[in-house]
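Understanding the architecture of this molecule
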Amino acid sequence: MSEVLVLVDHVDGAIRKPTLELLAIAKRLGSPSAVFIGGSDQASGAAEKLKAFGAEKIYAVDDAEIKGYLVVPKVEVLQQLAEKASPAAILVVSSGEGKEIAGRLAIRLKSGLITDAVDVADDGTTTQSVFAGNYTVQAKVTQGTPIIAVKPNAAAPVEEAGAGAVEEFAATISDDAKKAQIVASQPRQSTGRPELTEAAIVVSGGRGTGGDFESVENLADALGAAVGASRAAVDSGWKPHTFQVGQTGKVVSPQLYVANGISGAIQHRAGMQTSKTIVAVNKDEEAPIFELVDFGVVGDLHAVLPAATEQINARK
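About the criteria used
- Residues numbered from 1 in each chain as written.
- Predicted model: local features only at pLDDT ≥ 70, side-chain atom pairs only at ≥ 80, totals over all residues.
- Heavy atoms only, no water.
- Helix = DSSP H or I, 4+ residues; strand = E, 2+ residues; numbered from the N terminus.
- Expected span 1.5 Å × (residues − 1).
- Buried < 20%, exposed > 50% of the residue type's maximum accessible area, 1.4 Å probe, protein only.
- Arc of directions from axis to C-beta.
- Contact = heavy atoms within 4.5 Å.
- Polar contact = N/O pair within 3.5 Å; in protein donor to acceptor, adjacent residues only side chain to side chain.
- Patch = residues over 30% accessible without salt bridge, like charges linked within 9 Å, V, L, I, M, F, W, Y side chains within 5 Å.
- Areas by Shrake-Rupley, 256 points an atom, 1.4 Å probe, with all protein chains shown as cover.
- Salt bridge = Lys/Arg side-chain N within 4 Å of Asp/Glu carboxyl O.
- Lys, Arg positive; Asp, Glu negative; His and termini not counted.
- Charge placed at Lys NZ, Arg CZ, Asp CG, Glu CD.
- Pairing = 2+ DSSP bridges.
- Axes fitted to C-alpha atoms, helices over the stretch in contact; angles between N-to-C directions.

Along its 14 residues, helix H8 (residues 301-314) runs 19 Å from first to last C-alpha, staying within 8% of the 20 Å computed at 1.5 Å per residue. The complete set of buried residues in H8 reads Leu301, Leu305 and Thr309. Seen end-on, H8 carries its buried residues on one side only, within an arc spanning 55°. Exposed residues pointing more than 90 degrees away from the buried face of H8 are listed as Glu310 and Ala314. Looking at the buried side of H8, the elements it contacts are helix H5 (214-223), strand E14 (256-260) and strand E15 (277-282). Between the side-chain oxygen of the N-cap and the backbone nitrogen of His302 there are 2.9 Å, and the N-cap of H8 in question is Asp300.

Once that is clear, we can look at a negative patch on the surface. A surface patch of negative charge is lined by Asp41, Asp62, Glu65 and Glu168. Relative to the helices and strands, Glu168 resides in strand E11 (residues 165-168).

What follows concerns the sheet that holds strand E12 (residues 201-205). As summarised here, the arrangement of the five strands in space is E13-E12-E14-E15-E16, forming an open sheet in which the pairing is parallel. Among the strands making up the open sheet, the edge pair consists of strand E13 (226-229) and strand E16 (295-298). Here the average twist between neighbouring strands, direction ignored, is 15°. Here five bridges tie E12 to E14, and the two strands are oriented parallel to one another. Paired with Gly205 across the two strands is Asn260, which belongs to E14. This element, H5, spans E12, E13 and E14 of the sheet and lies at about 175° to E12. Here H8 sits on the sheet in contact with E14, E15 and E16, set at roughly 130° to E15.

This is the structure we're talking about:
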């Protein structure tokens, strides 16, 4: 069975959930091989996690000489691994960095590329949501090694141990790959909530909050969810742009999306309508959002959300 390379997304060795989802998808296509680029002191712990979720092989690449450089060194690592292993496919997380890596790699390997896939079938056929979410299309790479960038929450992680054989891989990184380097960064302040684009549950607020997001945030915390906001809420200065869900914000595809006080304009729909289950709370029964939802509540969010939060907390 051919290998399927999965580029590991991690923070200081802690494997992020989208990588575990990619391993589940990789099993459909072949034998999952994780590519871990990180510190040598982090590799063993990462390998145990990757093995537990199905990695048959883990390529451990020490990043001591390339840490801090932008995406090109990672591209060269994947290129050399692809030339060595002749994989059936290469999977990356469809993040900003992931898509840039995928694009550069596709050019180097002269391969087809698909980004923002929300599903990948056993035969490599992908599903995507396009034109602001108005159409669902299927596509398949027909040239070279398929390179597919997959959105978070496209699959459920499967905790089923693989062989987990660790193989150290020393890539040769060119001088050209080291021309762009990060010299300083400002860490984000942690809210303790999941990352918006990776969360399994997202609770968002819009104009109907009136700027008071307390009930939205309390419900999110009760559900272990991320907090989002509509463009109207962001434009009003109630939340930073990093919270915005929509065509000009972040695109999310969680298992559950709860829209509160959001009218449902096409700009917002484009960012969330591939969610598996959508719930809306809005006091306007004619709000366009109700055309899209699986469940709708007509009512004042400031009354509905505290009641829902109380019931959820009572059942914990």
